[in-house]
Amino acid sequence: MRWDFIAEILPKLFRASILTLELTVAGISIGIVIGLITSLMRISGIKIFSAAAKVYVDFFRGTPLLVQIAIIHYALPVIFHYVPVAIVSGVIALGINSGAYVAEIFRAGIQSIDKGQMEAARSLGMTWGQAMRYIILPQAFKVSIPPLGNEFIALLKDSSLVSIIAVEELMTTGRLIMGKTPLVAEIWFSVAMLYLIMTSTIAVFVNYVERRLQIGDSSQRSI
Amino acid sequence: MIVVKDLYKKFGNLEVLKGINCHIREQEVVCVIGPSGSGKSTFLRCLNRLEEPTSGEIIIDNIPVTGEKTNINLIRQEVGMVFQRFNLFPHLTALENIMLAPMKVRKKSKKEAMEIAEELLAKVGLTEKRNAYPEQLSGGQQQRVAIARALAMKPKVMLFDEPTSALDPEVVGEVLNVMKTLAKEGMTMVVVTHEMGFAREVGDRVIFMDDGCFLEEGTPDEIFNNAKYDRTRAFLSKIL
């Protein structure tokens, strides 16, 4: 191992890691919004909504993210005649893709809440929307935190796929450096370590949030 | 106050309610008794349309409950319901459980809602539990909070769906006492129950339900001491 070479490329890889994080955070944020809407459509009981939600989820979970990125960056611009921007295409692809997974996470969370909660809320005169907002979703969101954390980590790793459209995140930067040097092992171990540091940090953070939320409604508070 | 005409309810091919007719007057306390599976809870849940009646008509306080044009949310504001399994909101404190509907549905200010909630908690004897979460309360305490939550909407009718069936025997009394107080204050109440002592003491009328029908109804004395039907007598002899 050439440690001096690693020290030399590390600042560059570090900057690229930040872009990877930014892509992931932007992607998961879009994913959470889309996922929430989709999960509500799915359980709304309105046929056209639930069917549309199902088609969306099935498509984006049933095709490779790599293909989705290619469609968004290469295929759609041909059809709709516009000039794609790599980073925008990347964020959109990650967002729409994670939206499909997040939708299923929220749906499972909502369905895990006891039926009596909705009945109690409705019996008080709340509308379906009010019951969802004040009663069901706060509880469903809490049970969704651990799988959301897993999705965040999965998305961070999957964000490496946007390297095919030349977004200069961690993976692409590694490849660019590789083009100029024979020190391949140093590069890829460094890249792997940086991914690992990011995913473990997120895991610790998610654990922390989960614990905080548990304290929020249990015996820890004084009566 | 409540008028029910030819109420039928089917779950698939299973006919649970087979033509119910009744008239419940204002301030009346009606206890519905009967074997499990006889349709008692389904009848109660049809009254505020938690179950959709298959056919028939329900009118509460001169407003039709059934029918396409009905805004069911408006009717439910006037019809409180207490569940067997309490169904308190676990992410909210006792006080917040009671305040939520007045604030979000009746559009009361937070201050007003809190006054209502404090008053009701005092009424059910749980002022000191105002900031407790449901899981920190005993079953009896949870059910009392649930009653307070329903009362916070100032309903005209209260429906009780086996309110003491999920409780330990030693706390049944505290819930029944709250219900007795309500009855004395003149609340119109429909109570599905297995508590024959309560039905006898508090009920103005007792309805014996069997196989989806109101087989027999009358004053507690008529039902408990002079039942006309063998089915009623057989049921009562088993349970008393």
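To be clear, the structure that these remarks concern was listed above.
Everything numeric in this text was worked out from a predicted model, so none of it was measured.

Asks: Hey, could you run me through the pairing of strand β10 (residues 213-218) of chain B in this one?
Replies: Along any regular strand, the residues point their side chains to alternate faces of the sheet. Residue and element names in this part refer to chain B. Both strand β9 (residues 205-210) and β10 contribute to a ladder of five bridges, which runs antiparallel. From the neighbouring strand, I207 faces β10, where its bridge partner is E217. Hairpin geometry of β9 and β10 is characterised by an intervening segment of two residues between the two adjacent antiparallel strands and by a positive phi of about 55 degrees at D211.

Asks: Hey, could you run me through a nonpolar patch on the surface in this one?
Replies: Together, V78(A), I79(A), F80(A) and Y82(A) line one region of the surface with nonpolar side chains, adding up to about 450 Å² of accessible area. As for its placement among the helices and strands, Y82(A) is situated in the loop between α3 (65-80) and α4 (86-111).

Asks: I keep staring at the environment of L66(A) and nothing clicks. Help me out?
Replies: Topologically, L66(A) is positioned in helix α3. Residues L66(A) and S163(A) lie 97 residues apart in sequence; the distance between their C-alpha atoms is 9.7 Å.

Asks: I keep staring at the packing of helix α5 (residues 139-151) of chain B against helix α6 (residues 169-184) of chain B and nothing clicks. Help me out?
Replies: All names here are of chain B. For the pair α5 and α6, interaxial distance at closest approach is 8 Å and the crossing angle is 20 degrees. Looking at the two axes, α5 sits roughly parallel to α6. Regarding α5 and α6, the two cross each other, and that crossing is right-handed. Residues G140, Q141, Q143, R144, I147 and L151 of α5 form the contact with α6, whose participating residues are V171, E174, V175, V178, M179 and L182. Partitioning the contact of α5 with α6 into residue classes produces seven nonpolar, three polar and two charged.

Asks: I'm lost on the sheet that holds strand β4 (residues 55-60) of chain B in this one. Help?
Replies: Where strands meet in a sheet, backbone hydrogen bonds hold them as pairs that are either parallel or antiparallel. Residues and elements named next belong to chain B. If you walk across this open sheet you meet the four strands as β2-β1-β4-β5, and the pairing is antiparallel. Looking at strand neighbours, the two that pair on one side only are β2 (14-24) and β5 (63-64), the edges of this open sheet. Inspection of the sheet shows β4 paired to β5 by two bridges, in the antiparallel sense. Of the residues in β5, the one forming a bridge with I60 is I63.

Asks: I'm lost on the packing of aromatic side chains in this one. Help?
Replies: For the structure shown, the criterion picks out five aromatic pairs over all chains. Seen in terms of ring centroids, F106(A) and F141(A) are 6.0 Å apart; in terms of plane orientation they differ by 40 degrees. Their pairing is tilted. Placement of F106(A) in helix α4 and of F141(A) in helix α6 (residues 128-158) is noted, with a sequence separation of 35 residues between them. F106(A) sits in the buried class, given a relative accessible area of 5%. For the ring pair F208(B) and F235(B), a centre distance of 5.3 Å and an interplane angle of 45 degrees mean the geometry is tilted. With F208(B) in strand β9 and F235(B) in helix α9 (residues 230-239), the pair connects residues that are 27 residues apart, well separated along the chain.

About the cut-offs
- Residues numbered from 1 in each chain as written.
- Chains lettered and ligands numbered in written order.
- Predicted model: local features only at pLDDT ≥ 70, side-chain atom pairs only at ≥ 80, totals over all residues.
- Heavy atoms only, no water.
- Pairing = 2+ DSSP bridges.
- Helix = DSSP H or I, 4+ residues; strand = E, 2+ residues; numbered from the N terminus.
- Patch = residues over 30% accessible without salt bridge, like charges linked within 9 Å, V, L, I, M, F, W, Y side chains within 5 Å.
- Areas by Shrake-Rupley, 256 points an atom, 1.4 Å probe, with all protein chains shown as cover.
- Salt bridge = Lys/Arg side-chain N within 4 Å of Asp/Glu carboxyl O.
- Axes fitted to C-alpha atoms, helices over the stretch in contact; angles between N-to-C directions.
- Parallel < 35°, antiparallel > 145°, perpendicular 65-115°, else oblique.
- Left-handed = near helix turned anticlockwise from the far one by under 90°.
- Contact = heavy atoms within 4.5 Å.
- Nonpolar A, V, L, I, M, F, W, Y, C, P; charged D, E, K, R; others polar.
- Phe/Tyr/Trp six-rings, centres within 6.5 Å; stacked < 30°, edge-to-face > 60°.
- Buried < 20%, exposed > 50% of the residue type's maximum accessible area, 1.4 Å probe, protein only.

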